[in-house]
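Below are the chains, spelled out letter by letter.
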Amino acid sequence: MPAVTGRGPARRGVLTAAAGLAAVAVAAPGARAADGPGSGARRSRWTTSWATAQTAPTDTDPVASAGLTDGTFTANVRLSAGGQIRLRYGHAFATAPVLIGPVTAAGRPVTFGGQQQAWLAAGASLTSDAVAGLRAAEASLLTVRTELPGPTGPLSFHRNTHASHDVNGERTTSVYLLTGVEVTGAHGPVIAVLGDSIAEGVGTPDDSDLRWPDQLARRLPGAAVADLGISGNRVLLNDARFGPGGQARFDRDVLSLPGLRTVLIHLGVNDLQQPPSQTDPALVLAGYRQLVLRARDAGLRAVGATIAPFEGWTRWTPELETVRLRINAAVRTGRVFDAVADFDAALRDPDHPERLRPAYDSGDGLHPNPSGHAALAAAVDRRHLL
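Residues numbered from 1 in each chain as written. Predicted model: local features only at pLDDT ≥ 70, side-chain atom pairs only at ≥ 80, totals over all residues. Heavy atoms only, no water.

Enquirer: An account of helix H6 (residues 281-297) is requested, with residue identities and associated values reported.
Expert: Between its first and last C-alpha, H6 extends 24 Å over 17 residues, near the 24 Å set by a 1.5 Å rise per residue. Within H6, the full set of buried residues consists of Pro281, Val284, Leu285, Gly287, Tyr288, Leu291, Val292 and Ala295. The buried residues of H6 occupy one face: seen down the axis, they fall within an arc of 155 degrees. Each element contacted by the buried residues of H6 is listed here: strand E17 (190-195), helix H4 (246-255), strand E19 (262-266), helix H5 (269-273), strand E20 (301-305) and helix H7 (318-332). The opening residue of H6, the one whose side-chain oxygen lies 3.0 Å from the backbone nitrogen of Ala282, is Asp280. (Helix = DSSP H or I, 4+ residues; strand = E, 2+ residues; numbered from the N terminus. Expected span 1.5 Å × (residues − 1). Buried < 20%, exposed > 50% of the residue type's maximum accessible area, 1.4 Å probe, protein only. Arc of directions from axis to C-beta. Contact = heavy atoms within 4.5 Å. Polar contact = N/O pair within 3.5 Å; in protein donor to acceptor, adjacent residues only side chain to side chain.)

Structure follows, in structure tokens:
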């Protein structure tokens, strides 16, 4: 394990296989951030290397619902690209500000406007200074320790990253408030994956880094891949547990990321299989087109994934299979996205195309195992990410 130490739409193609306060640092007047904004016309040298998407806590999330007082949260995050680093925090679902810090990254102090603490406003994001004396290696594991004086109130969080973290000395797979690690060393494509439970990593062991976005990053040296998968997420509908749908969270989760070149949209199966099921393919396709339009307006390429088979999952029906096939047929025409990653073709059983290949099935009929995740990563063609 390594130690921590031109935009525009692509040509069309198909891929094979305090409330209301600003977020201000607790700093002396005139204190200067380590990285000034520079000229408004100058493009940032920072790109996202690791990111996660937030949801609001529910009654089944006791730590996030209650919040912390004099608490400590430690996150262990696998970077894609490396280089000099800075951190980003978010509190998308808050109603009051929260005080962040002190913070360390790989044991080194993190500052905000030169100070050890900063206020994160409700609904806002907060970016640190560059961490002095720290460069992270590509694919390295970075440990970020955040003290929260509190009381914080309910915390915006990502419920399950399929990796081990620590809150007040107890293991958790959730990440609280931390939404991104940004770096200066990306020298390949910078990609955001707007996805559901498959992108999030369901079907892979915790701490294995075998989610398909992780495996894609390893196939693309120097690339940065931000995994914005949320289990249960849809294109169209919002859900109290599974968060805002893809259309509702697109601006915050995707367009806010620095240095982004491409967004890969991997949503749709939950629109079909979660009640209430969406049985009109035209509505899902219209949702895709709205996402593509917003991506193009921001100068991004939009790559779409076909919906993989899921017969064997508890809510599969022949009627939903027909909807899936109609959506995939429209996506493959090349008239919805700038390019297509054919995840259906990558995972389906050639002898029973309504199902996953047995060698790729985690056992529930819907979520691929690590080999299936590898097949998804291989189905994304680098040429359409540049």
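Enquirer: Let's hear about the confidence of the model for the protein chain: which residues, and what values?
Expert: Averaged over all residues, the pLDDT of the protein chain equals 91, while 89% of them reach at least 70. This stretch, residues 1-41, has a pLDDT under 50; its non-local contacts, to residues over four places away or in other chains, come to 106 contacts. (pLDDT = per-residue confidence, 0-100.)

Enquirer: Could you give me a rundown of the environment of Glu321, with the residues and numbers involved?
Expert: Within the secondary structure, Glu321 sits in helix H7. Expressed as a C-alpha distance, the spacing of Glu321 and Leu272, which sit 49 residues apart in the sequence, is 8.9 Å.

Enquirer: Give me the packing of aromatic side chains: which residues, what numbers.
Expert: Taken as a whole and assessed by the stated rule, the structure comprises five aromatic pairs. With centroids separated by 5.2 Å and ring planes inclined at 80 degrees, the aromatic side chains of Trp212 and Phe343 adopt a geometry described as edge-to-face. Here Phe343 lies in helix H8 (residues 343-347) and Trp212 lies in helix H3 (residues 212-219), a separation of 131 residues in the sequence. The buried category is assigned to Trp212, whose relative accessible area is 0%. One aromatic cluster is present, built from ring pairs that chain together Phe73, Phe157 and Tyr176. (Phe/Tyr/Trp six-rings, centres within 6.5 Å; stacked < 30°, edge-to-face > 60°.)

Enquirer: Kindly report on the nonpolar core, identifying the contributing residues and their values.
Expert: Among the nonpolar cores identified, the biggest contains 75 residues, and Ile85, Tyr89, Ile100 and Tyr288 are the most heavily contacted of them. Those residues in contact with Tyr288, other than ones at most four positions away along the chain, are Val235, Leu267, Gly268, Ile307, Ile327, Val331, Val336 and Phe337. One finds Val193, Ile198, Ala199 and Leu220 within the second-largest nonpolar core, a separate group that totals 26 residues. (Core = buried A, V, L, I, M, F, W, Y, C linked by side-chain atoms within 4.5 Å.)

Enquirer: Would you mind going over the pattern of salt bridges in detail, with residue names and values included?
Expert: All told, the structure shown has 19 salt bridges when counted by the stated rule. Notably, a salt bridge pairs Glu311 with Arg355, separated by 3.7 Å at the nearest N-O pair. Here Arg355 lies in strand E23 (residues 352-356) and Glu311 lies in the loop between E20 and H7, a separation of 44 residues in the sequence. Judged by its relative accessible area of 34%, Arg355 falls in the partly exposed class. In this structure, Arg348 and Asp344 form a salt bridge, with 3.0 Å as the shortest nitrogen-oxygen distance. Classification of Arg348 as partly exposed rests on a relative accessible area of 30%. Residue Asp344 is classed as buried on the basis of its relative accessible area, which comes to 2%. (Salt bridge = Lys/Arg side-chain N within 4 Å of Asp/Glu carboxyl O.)

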